[in-house]
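Inside the fold
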Amino acid sequence: VAYTCETAGHFFLYQVLARWEKFLATVRPSDGKTVPVKTIKTEFPFHGFFENAPKPLFKEKSYETDMEIAEGCFRYIEKMFTQLEEFRAFELLRSGLDRSKYLLVKEAKIIAMTCTHAALKRKELVDMGFKYDNILMEESAQILEIETFIPLLLQNPQDGFNRLKRWIMIGDHNQLPPVIKNMAFQKYSNMEQSLFTRIVRLGVPTVDLDAQGRSRATIANLYNWRYKKLDNMSHVGVYAEYQKANAGLVYDFQLINVEDFNGVGESEPNPYFYQNLAEAEYCVALFMYMRLLGYPAHKITILSTYNGQKHLIRDVINTRCADNPLIGRPHKVTTVDKYQGQQNDYILLSLVRTASVGHLRDVRRLIVAMSRARLGLYVFARVSLFRNCFELTPAFNQLMIRPQQLHIVPHETFPTSRLNTSRVPNSVAIQDMVHMTTLVYNFYMDKVNGMKKEFYSKAKLNADKWKKPGDIEVKDVETHVAIHPGGDSDESGDEEEKEEEKMDTE
Ligand SMILES: Nc1ncnc2c1ncn2[C@@H]1O[C@H](COP(=O)(O)OP(=O)(O)OP(=O)(O)O)[C@@H](O)[C@H]1O
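Residues numbered from 1 in each chain as written. Predicted model: local features only at pLDDT ≥ 70, side-chain atom pairs only at ≥ 80, totals over all residues. Heavy atoms only, no water.

Let's talk about the side chain of Glu-279
- With respect to the element layout, Glu-279 can be found in helix α13 (residues 277-293).
- Of the side chains with opposite charge, Arg-382 lies nearest to the buried Glu-279, which makes no salt bridge, at 6.3 Å.
- Beyond its immediate stretch of four places on either side in the chain, Glu-279 contacts Val-258, Gln-309, Ser-350, Leu-351, Val-352, Phe-380, Ala-381 and Arg-382. (Helix = DSSP H or I, 4+ residues; strand = E, 2+ residues; numbered from the N terminus. Buried < 20%, exposed > 50% of the residue type's maximum accessible area, 1.4 Å probe, protein only. Lys, Arg positive; Asp, Glu negative; His and termini not counted. Salt bridge = Lys/Arg side-chain N within 4 Å of Asp/Glu carboxyl O. Contact = heavy atoms within 4.5 Å.)

What to know about the pattern of salt bridges
- Inspection of the entire model under this criterion finds 26 salt bridges.
- For Lys-123, the salt bridge goes to Asp-127, with nearest N and O atoms at 3.0 Å. Taken as a pair, Lys-123 and Asp-127 lie in helix α6 (residues 115-128) at a separation of four residues, close to a single helical turn. For the residue pair Lys-123 and Asp-127, the accessibility class agrees, reading exposed in each case.

Topic: unusual backbone geometry
- Going from Lys-55 to Pro-56, the amide bond is cis rather than trans, its omega being -10°.
- The residue after Phe-414, namely Pro-415, is reached through a cis peptide bond having omega -5°.
- Within the element layout of this structure, Pro-415 appears in the loop between β12 (407-408) and β13 (428-429).
- One non-glycine residue, Asn-262, lies in the positive phi region at around 50°.
- Position of Asn-262 among the secondary structure elements: in the loop between β5 (253-257) and β6 (267-270).
- A positive phi angle is found at His-411, which is not glycine, with a value near 70°.
- Looking at His-411, the relative accessible area reads 74%, which means it is exposed.

A short note on the packing of aromatic side chains
- Overall, the coordinates contain 21 aromatic pairs when judged by the stated rule.
- Note on Phe-50 and Tyr-76: the rings are 6.1 Å apart at their centroids and 55° apart in plane angle, and the pair reads as tilted. Placement of Phe-50 in the loop between α2 (37-43) and α3 (63-87) and of Tyr-76 in helix α3 is noted, with a sequence separation of 26 residues between them.
- Overall, the relative accessible area of 10% leaves Phe-50 in the buried class.
- Seen from the ring of Tyr-274, Arg-353 lies directly overhead, with NZ or CZ sitting 3.7 Å from the centre.
- Over the face of the ring belonging to Phe-253 we find Arg-402, whose NZ or CZ atom lies 3.8 Å from the ring centre. (Phe/Tyr/Trp six-rings, centres within 6.5 Å; stacked < 30°, edge-to-face > 60°. Lys NZ or Arg CZ within 6 Å of the ring centre and 35° of its normal.)

Side note on the packing of helix α5 (residues 96-107) against α6
- Where α5 meets α6, the axes come as close as 10 Å, and the angle between the chain directions of the two elements is 60°. It follows from the interaxial angle that α5 and α6 lie oblique. Of the two elements, α5 crosses α6, and the hand of that crossing is right-handed. Between α5, through Lys-101, Leu-104 and Val-105, and α6, the contact on the second element is made entirely by Glu-124, Leu-125 and Met-128.
- Counted by class, the contact of α5 with α6 contains four nonpolar, no polar and two charged residues. (Axes fitted to C-alpha atoms, helices over the stretch in contact; angles between N-to-C directions. Parallel < 35°, antiparallel > 145°, perpendicular 65-115°, else oblique. Left-handed = near helix turned anticlockwise from the far one by under 90°. Nonpolar A, V, L, I, M, F, W, Y, C, P; charged D, E, K, R; others polar.)

Points about the pairing of strand β9 (residues 332-335)
- Of the strand pairs in this sheet, strand β8 (residues 300-304) and β9 are connected by four bridges, and their pairing is parallel. Looking at β9, one finds that Ile-302 is bridged to Val-333.
- The handedness of the β8 to β9 crossover, carried by helix α14 (residues 307-320), is right-handed. (Pairing = 2+ DSSP bridges. Right-handed = clockwise from strand over helix to strand, strands pointing away.)

Some thoughts on the packing of α13 against helix α19 (residues 433-465)
- Direction vectors running N to C along α13 and α19 enclose 30°, while the axes themselves pass 9 Å from each other. Taken together, α13 and α19 sit at an angle that is classed as roughly parallel. When the axes of α13 and α19 are compared, the crossing they make is left-handed. Contacts from Ala-278, Glu-281, Tyr-282, Ala-285, Leu-286, Met-288, Tyr-289, Leu-292 and Leu-293 of α13 reach α19 at Met-433, Met-436, Thr-437, Leu-439, Val-440, Phe-443, Tyr-444 and Lys-447.

A few points about a nonpolar patch on the surface
- Taken together, the side chains of Phe-49, Tyr-76 and Met-80 define a hydrophobic patch exposed on the protein surface, amounting to about 310 Å² of accessible area.
- The topology assignment puts Met-80 in helix α3. (Patch = residues over 30% accessible without salt bridge, like charges linked within 9 Å, V, L, I, M, F, W, Y side chains within 5 Å. Areas by Shrake-Rupley, 256 points an atom, 1.4 Å probe, with all protein chains shown as cover.)

Remarks on the UniProt feature "domain: DNA2/NAM7 helicase helicase" (unreviewed entry) in the protein chain
- In this structure's numbering, the residues bearing the UniProt feature "domain: DNA2/NAM7 helicase helicase" (unreviewed entry) are residues 102-182.
- In residues 102-182, helix accounts for 30% and strand for 10%; the two terminal C-alpha atoms are 40 Å from one another. (UniProt positions renumbered as here; feature names shortened; annotations may be inferred.)

Here we look at the nonpolar core
- The biggest cluster of nonpolar side chains holds 41 residues, and the ones touching the most others in it are Leu-249, Tyr-282, Leu-286, Leu-348, Phe-380, Leu-406 and Met-436.
- Considering every element that reaches this core, the biggest residue donor is α13, with 13 residues.
- With residues near it in sequence (within four places) discarded, Leu-406 still touches Leu-249, Gln-254, Ile-256, Tyr-282, Leu-286, Tyr-378, Val-428, Ala-429, Ile-430 and Met-436.
- Ranked by size, the runner-up nonpolar core spans 35 residues in total, among them Val-336, Met-370, Ala-373 and Leu-392. (Core = buried A, V, L, I, M, F, W, Y, C linked by side-chain atoms within 4.5 Å.)

Remarks on the environment of Asp-464
- Among the secondary structure elements, Asp-464 is positioned in helix α19.
- For Asp-464, a relative accessible area of 56% corresponds to the exposed category.
- On a C-alpha basis, the gap between Asp-464 and Asp-210 in space is 66 Å, while along the polypeptide they are 254 residues apart.

Structural notes on the site of the ligand
- Within the structure, the ligand sits among Glu-139, Gln-175, Gly-213, Arg-214, Met-233, His-235, Gly-341, Gln-343 and Arg-372.
- At 2.9 Å from an oxygen atom of the ligand is found a side-chain nitrogen or oxygen belonging to Arg-372.
- When the free accessible area of the ligand is taken as 640 Å², the share hidden by the protein chains comes to 51%.
- A class-by-class count of the residues in the shell around the ligand yields one nonpolar, five polar and three charged. (Near = heavy atom within 4 Å. Polar contact = N/O pair within 3.5 Å; in protein donor to acceptor, adjacent residues only side chain to side chain.)

Encoded structure:
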């Protein structure tokens with residue numbers, strides 16, 4: 001009770017402010033009389049508090065200067081109590097929700113929320129007296145036109161005017177639009193057109209990004225044709241990670257043809273739930289291969305263009321490698337649509353379909369898929385199907401310049417010092433999915449056997465070194481010996497202890 005913000009408030013009022021006002025009454029000149037400079041120093045009531053301040057506190061040269069110092073000191077004290085007053089609400093508001101609401105309305109300078117949250121909580125926010133001047137809307141080409149307006153209406157007008165001053169929309173109409181499940185609404189009412197896209201189509205001036213800083217230049221070529229002007233930022237050609245090749249792989253991007261496995265290509269166990277087992281196995285095999293070479297799992301993402309395939313790939317991973325500490329899981333296994341706005345160093349992409357192109361025919365989906373990788377993009381697909389799709393040709397023409405079999409560099413480990421531009425003399429072309437899975441299995445067994453061998457030879461070495469009790473020589477101690485037999489003031493001492501101390505200070 002003694003140390004609450006409330007008591008601090010009373011203390012300020014009755015002890016601090018009262019003293020300050022008394023001080024002012026003494027030192028302020030009245031009726032044209034002058035007050036001696038010295039009076040400020042002698043009457044100042046907070047000498048004790050400013051004990052640690054550089055001395056002397058008052059210069060005693062002019063009345064104005066010393067008065068300014070005194071007022072500065074008081075402002076310092078006053079600020080502390082003002083802050084305590086601001087925290088006072090937290091003594092009363094006990095639940096996390098109440099506290100966050102208080103912060104939201106009174107303190108927060110920047111508030112982040114989704115448009116869906118804004119829609120759900122609109123009434124609550126307006127009732128709370130929520131206020132804001134600027135809106136920054138990210139991925140606004142992916143928001144329904146009607147939803148775009150909700151964030152603009154989270155506060156009541158003041159004197160008949162909306163206080164909103166600025167609205168910045170960031171988005172890319174070349175990537176995927178909002179999701180409309182009903183086909184009639186989507187196509188015939190054109191509900192999938194966002195306000196952002198409408199504004200762009202109407203010719204409203206926009207600020208266009210003219211350089212990308214994510215992908216290698218070679219990978220950027222797969223999608224930059226879709227933009228008016230999209231160069232590469234300078235660091236993309238300069239940083240070492242962009243200059244080095246992808247370890248164990250000949251190319252930085254490749255389209256890998258996947259034929260039927262046991263006579264099956266795409267399958268549709270439920271309506272619109274497309275799967276392709278051969279591609280799923282191939283993707284996972286490449287992931288396992290990369291992990292065995294030393295690629296970190298969190299740098300690899302597996303994408304597919306269908307939800308069904310996402311589930312199948314997850315199943316394959318759970319069966320083959322998720323519980324294996326040598327391999328584990330990739331950073332994410334998800335759909336291209338869900339991955340819009342995200343990126344990773346290496347993307348393995350499964351296009352699933354083998355009978356018809358399906359919804360990849362929408363170039364916006366292709367652009368999202370091609371633009372997620374920083375350093376490596378490996379696309380698994382039925383080449384004969386996709387190469388004939390007119391809409392996709394600018395990307396597929398480039399993909400098809402390279403061989404359509406995965407080319408690997410055996411025995412190279414991650415990270416490699418090989419430059420991305422250098423030629424690889426002894427690469428191996430993978431014939432098909434079965435070839436890859438067999439190779440990965442053998443590679444895995446070799447690695448495990450190698451590790452076992454190393455482990456046992458080390459164990460043997462340790463066994464050779466084993467000493468019987470009494471074998472250890474007692475050396476003369478040269479360093480300081482403590483007076484007490486249990487005392488340990490030895491400077492050169494315990495490494496572990498030093499580590500602990502270091503960690504403590506950090
Ligand atoms: N100025 C910069 N310097 C260094 N790297 C940059 C710079 N700008 C962007 N990048 C790199 O590019 C990546 C992509 O940037 P960002 O996520 O802002 O793009 P975006 O336009 O939101 O992409 P998308 O919407 O397609 O996902 C960043 O993660 C960063 O690695």
